[in-house]
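Each chain, letter by letter, is given below.
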Protein chains: 2
Amino acid sequence: MEASVNYIKEILLDKDIKPSHHRIRIFQFLALNRYHPTVEMIYNDLIDEIPTLSKTTVYNTLNLFVASNLVRVLNIDEVEARYDITTDNHGHFRCKSCGEIYDFEFDSNYLSGEELKNFQIHEKNVYFNGICFSCLKI
Amino acid sequence: MEASVNYIKEILLDKDIKPSHHRIRIFQFLALNRYHPTVEMIYNDLIDEIPTLSKTTVYNTLNLFVASNLVRVLNIDEVEARYDITTDNHGHFRCKSCGEIYDFEFDSNYLSGEELKNFQIHEKNVYFNGICFSCLKI
DNA sequence: GTTCCTGCAAAAGCTTTGCAGAAGA
DNA sequence: TCTTCTGCAAAGCTTTTGCAGGAAC
């Protein structure tokens with residue numbers, strides 16, 4: 001994914017979001033760090049570069065992005081929310097042992113129930129959990 | 001699903017859970033009320049019958065059931081956890097308008113990624129959201 | 001008598017809100 | 001100048017924890 005400042009500005013403006021410095025950096029961070037970070041992680045990684053950054057701004061900004069469908073919230077971790085740039089359908093696997101979250105691809109066309117045939121479906125989330133290969137080897 | 005007291009006792013004993021009155025009633029409630037209730041809902045519905053019931057006990061009991069794989073936590077609601085008796089794979093749809101959660105069936109065999117081939121998968125959760133038919137009609 | 005279940009109160013942790021000051025156009 | 005973005009502090013909520021009393025066998 002391209003993550004240049006100018007490209008990100010366009011994306012934000014396209015959603016009527018003013019491309020402030022903080023917002024651009026948070027978006028860029030998510031685009032470049034696809035490990036489904038928590039608010040805490042984003043904050044800790046950006047605070048060196050933006051010393052005045054507050055967690056409130058991280059929360060506000062992420063909520064703004066989520067409302068505009070630029071970013072998705074993952075509720076795969078029962079404690080903290082995790083954030084991911086919106087992309088095509090992929091599932092998330094969370095290792096119960098190390099906590100790491102892995103992406104995997106699936107064909108979402110097979111995922112539809114007769115029961116939902118008259119429903120308007122906005123989002124499909126697929127969360128697995130178990131033990132990852134690295135932890136199994138230990 | 002059978003929900004007689006004796007049957008529930010067997011299920012609990014099978015998992016080495018002492019079948020106390022509270023535990024039996026909470027399990028029975030989940031078996032008979034498959035609307036994915038929150039802790040609050042379970043507590044409010046049982047407090048009339050068990051006046052001394054505390055939310056702590058509801059939390060403790062549900063955590064016990066989840067640990068024994070008798071009950072599943074749904075993180076489909078971003079605010080509160082919802083609980084469902086463990087059954088075969090089915091997905092959950094949450095209406096963004098009315099909040100109602102609907103079950104739907106899917107074939108979980110289509111849901112597997114090459115990326116996870118050496119992983120041990122314990123649970124597969126499928127959460128959709130959007131607008132349900134009832135709300136679309138309004 | 002011993003185990004452990006139960007429940008009150010307090011604590012913990014994530015997220016939101018109120019509001020004032022700062023930044024930007 | 002006027003809008004709105006930002007950040008501190010406090011509040012809100014769900015869930016967990018500590019601990020003492022009580023039930024069950």
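Thresholds, definitions, all that
Residue positions are counted from 1 within each chain, in the order its sequence is given. Key to labels: chains lettered from A, ligands numbered from 1, both in the order written. Where local features are concerned, this predicted model is filtered to residues with pLDDT of at least 70; where side-chain atom pairs are given and counted, the filter is 80 or more; whole-chain, interface and lining totals use all residues. Hydrogens are left out, water is left out, and the side-chain values use all remaining heavy atoms of the structure. Summary of the distance rule: residues count as near a molecule or strand when at least one heavy atom falls within 4 Å of that molecule or strand. Nitrogen and oxygen atoms within 3.5 Å of one another constitute a polar contact, given that in protein one can donate a hydrogen and the other can accept it, and given that sequence-neighbouring residues count only through two side-chain atoms. Only runs of H or I of at least four residues qualify as helices and only runs of E of at least two qualify as strands under DSSP, and these elements are numbered from the N terminus. Polarity classes work like this: nonpolar for Ala, Val, Leu, Ile, Met, Phe, Trp, Tyr, Cys and Pro, charged for Asp, Glu, Lys and Arg, and polar for all others, with Gly in that last group. Copy-to-copy superposition: least squares on the C-alpha atoms, limited to residues that have pLDDT of at least 70 in both copies. We call two residues in contact whenever any of their non-hydrogen atoms come within 4.5 Å of each other. Of the two site types, the cavity is a set of points on a 1 Å grid over the protein atoms alone where a 1.4 Å probe fits but cannot get out, and the pocket is an open set with protein on both sides within 12 Å along at least five of seven lines, each lined by residues with an atom within 4 Å of a point. Grid points are joined across faces, edges and corners, and a volume is the space filled by probe spheres set on the points. Defined by distance alone, a disulfide is two cysteine sulfur atoms within 2.5 Å. Buried area is a sum: the accessible area each of two parts loses on coming together, probed at 1.4 Å, counted once for each and added. By definition here, a salt bridge exists when the distance from a side-chain nitrogen of Lys or Arg to a carboxyl oxygen of Asp or Glu is within 4 Å. A strand pair is defined by DSSP finding two or more bridges across the two strands.

### Overview of the protein's contact with DNA strand D
Lining the immediate surroundings of DNA strand D are 15 residues, of which A:Ser20, A:Thr52, A:Thr57, B:Tyr59 and B:Ala81 lie closest. A:Thr52 places a main-chain nitrogen or oxygen 2.3 Å from a phosphate oxygen of DNA strand D. Between B:Ala81 and DNA strand D, the recorded distance is 3.0 Å, taken from a backbone N or O atom to a phosphate oxygen. Those elements that place two or more of their residues in the surface near DNA strand D are α2 (21–32) and α4 (55–67) of chain A together with α4 (55–67) of chain B. Among the elements that take part in the surface near DNA strand D, α4(B) stands out by supplying three residues, more than any other. In the surface near DNA strand D, the residues fall into four nonpolar, eight polar and three charged.

### Concerning the relation of the copies chain B and chain A
Superposing chain B onto chain A takes a rotation of 180 degrees combined with a translation of 0.0 Å along the rotation axis, leaving an RMSD of 0.0 Å. These values place the two chain copies in the arrangement generated by a two-fold rotation axis. Identified as the residue of chain B closest to the rotation axis by C-alpha distance is B:Val126, at 2.3 Å. When you check the interface residues of chain B against chain A, 97% turn up at the interface there too, and the contact is symmetric in its surfaces.

### A word on empty space enclosed by the protein
All told, the structure shown has two cavities of 30 Å³ or more when counted by the stated rule. Here the largest cavity is characterised by a volume of approximately 110 Å³. If you go around the largest cavity, you meet 14 residues; those closest to its centre are B:Arg72, B:Thr87, B:His90, B:His92 and B:Asn125. For the lining of the largest cavity, the elements supplying multiple residues, two or more each, are β1 (71–74), β2 (82–85), β3 (90–95) and β5 (120–131) of chain B. When the residues that make up the lining of the largest cavity are grouped by side-chain class, the tally is four nonpolar, six polar and four charged. Those elements giving two or more residues to the lining of the second largest cavity turn out to be β1 (71–74), β2 (82–85), β3 (90–95) and β5 (120–131) of chain A. In the lining of the second largest cavity, the residues fall into four nonpolar, six polar and four charged.

### Here we look at the protein's contact with DNA strand C
As a structural note, the neighbourhood of DNA strand C is formed by 15 residues, with A:Tyr59, B:Ser20, B:Thr52, B:Ser54 and B:Thr57 the closest of them. If you look at DNA strand C and keep only atoms within 4 Å of the protein, 77% of those are sugar or phosphate atoms. B:Leu53 is positioned with one of its backbone polar atoms (N or O) 3.4 Å from a phosphate oxygen of DNA strand C. Within the backbone of B:Ser54, one N or O atom sits 3.3 Å away from a phosphate oxygen of DNA strand C. When residues in the surface near DNA strand C are grouped by element, the largest group, three residues, is from α4(A). Looking at the surface near DNA strand C residue by residue, the class counts come to four nonpolar, eight polar and three charged.

### Looking at the state of the cysteines
Residue and element names in this part refer to chain B. A complete count under the given rule lists zero disulfides over all chains for this structure. Considering cysteine sulfurs only, Cys95 is the nearest to Cys98, which forms no disulfide, with 3.7 Å between them. Cys132 takes part in no disulfide bond, and the closest cysteine sulfur to it belongs to Cys95, at a distance of 3.8 Å.

### With respect to the interface of chain B and chain A
Taken together, the contact between chain B and chain A spans 33 residues of the former and 32 residues of the latter. When the two sides are added together, the surface that chain B and chain A hide from each other amounts to roughly 3100 Å², 63% of it contributed by carbon and sulfur. At the junction of chain B and chain A, the tally comes to zero salt bridges. On the surface where chain B and chain A come into contact, there are twelve residue pairs in polar contact (both at pLDDT 80 or more). Sorting the residues of the side of chain B that touches chain A by element identifies β4 (101–105), β5 and α5 (133–137) of chain B as the ones contributing at least two each. It is β5(B) that provides the largest number of residues to the side of chain B that touches chain A, a total of twelve residues. Residues belonging to the side of chain B that touches chain A are distributed by class as follows: 17 nonpolar, nine polar and seven charged. Pairing of β5(A) with β5(B), which is carried by eleven bridges, proceeds in the antiparallel orientation. Across the sheet, the residue bridging to A:Tyr127 is B:Asn125, located in β5(B).

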